[in-house]
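Structural overview
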Amino acid sequence: MPVESDDELRELLAYETVAVVGCSTTPGKAAHDIPKYLLEHGYDVVPVNPFADEIFDRRAYDSLSDVEAEVELVDVFRPSEEVPGIVDEAVARDDVRAVWLQLGITHDDAAARAEAAGLRVVQDKCMKVEHGRLVA
């Protein structure tokens, strides 16, 4: 079942370690400003961007598979067509509990696969907006 209720969203927003796939080095882009907001609100943000060495003074990893730290939630800022591969990487890890596809990003087949593997899935919602609405 997809995550839809406010209570379910609050549960996911309580996770502390967030790998941001597609995290950007460019201020002004949502893929930069939203992870920065998450950092400022106490989240442990793990940037995933193969074209950057560091983002927010944190090591940037080439892929989700390369992340050494424990990850509870994967926040995705990549085109919808890339979601299946990201979900495969998330499912392959033992620590990931949820995949969050940002506003405008959906992939029903990949979401169903993630849910079948026991992960919670949010599609087409902004983590910053939902945090501001339900937690902050």
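What comes next is a walk through the structure. This is a predicted model, so every value here is computed, not measured.

Quick look at the sheet that holds strand β5 (residues 73-76)
Taken in spatial order, the 5 strands line up as β2-β1-β5-β6-β7 in an open sheet, and their pairing is parallel. Among the strands making up the open sheet, the edge pair consists of β2 (44-48) and β7 (120-122). Shown here is a sheet whose adjacent strand axes are inclined to one another by a mean of 20 degrees, direction ignored.

Re the pairing of β5
Burial along β5 is two-sided: the face carrying Leu73 and Asp75 and the face carrying Val74 and Val76 are both buried. The pairing of strand β1 (residues 17-21) with β5 spans 4 bridges and is parallel. Bridge pairing in β5 places Val18 opposite Leu73. Pairing between β5 and strand β6 (residues 98-101): 4 bridges, direction parallel.

Details of the environment of Asp53
In this fold, Asp53 is placed in the loop between β2 and β3 (54-55). Along the primary structure Asp53 and Thr25 are separated by 28 residues, whereas in three dimensions their C-alpha atoms are 9.8 Å apart. Not counting residues within four places of it along the chain, the set of residues in contact with Asp53 comprises Arg58, Arg59 and Ala60.

Quick look at the environment of Ile34
By the secondary structure assignment, Ile34 is in helix α2 (residues 30-40). A residue is classified by how much of its surface remains accessible, and Ile34, at 9% relative accessible area, is buried. For the pair Ile34 and Lys128, spaced 94 residues apart in sequence, the C-alpha separation works out to 6.0 Å. Those residues in contact with Ile34 that sit more than four places away from it in its chain are Phe77, Gln102, Cys126 and Lys128.

Reading the values: rules and limits
- Residues numbered from 1 in each chain as written.
- Predicted model: local features only at pLDDT ≥ 70, side-chain atom pairs only at ≥ 80, totals over all residues.
- Heavy atoms only, no water.
- Pairing = 2+ DSSP bridges.
- Helix = DSSP H or I, 4+ residues; strand = E, 2+ residues; numbered from the N terminus.
- Axes fitted to C-alpha atoms, helices over the stretch in contact; angles between N-to-C directions.
- Buried < 20%, exposed > 50% of the residue type's maximum accessible area, 1.4 Å probe, protein only.
- Contact = heavy atoms within 4.5 Å.

Nothing here speaks to function; it is all geometry.
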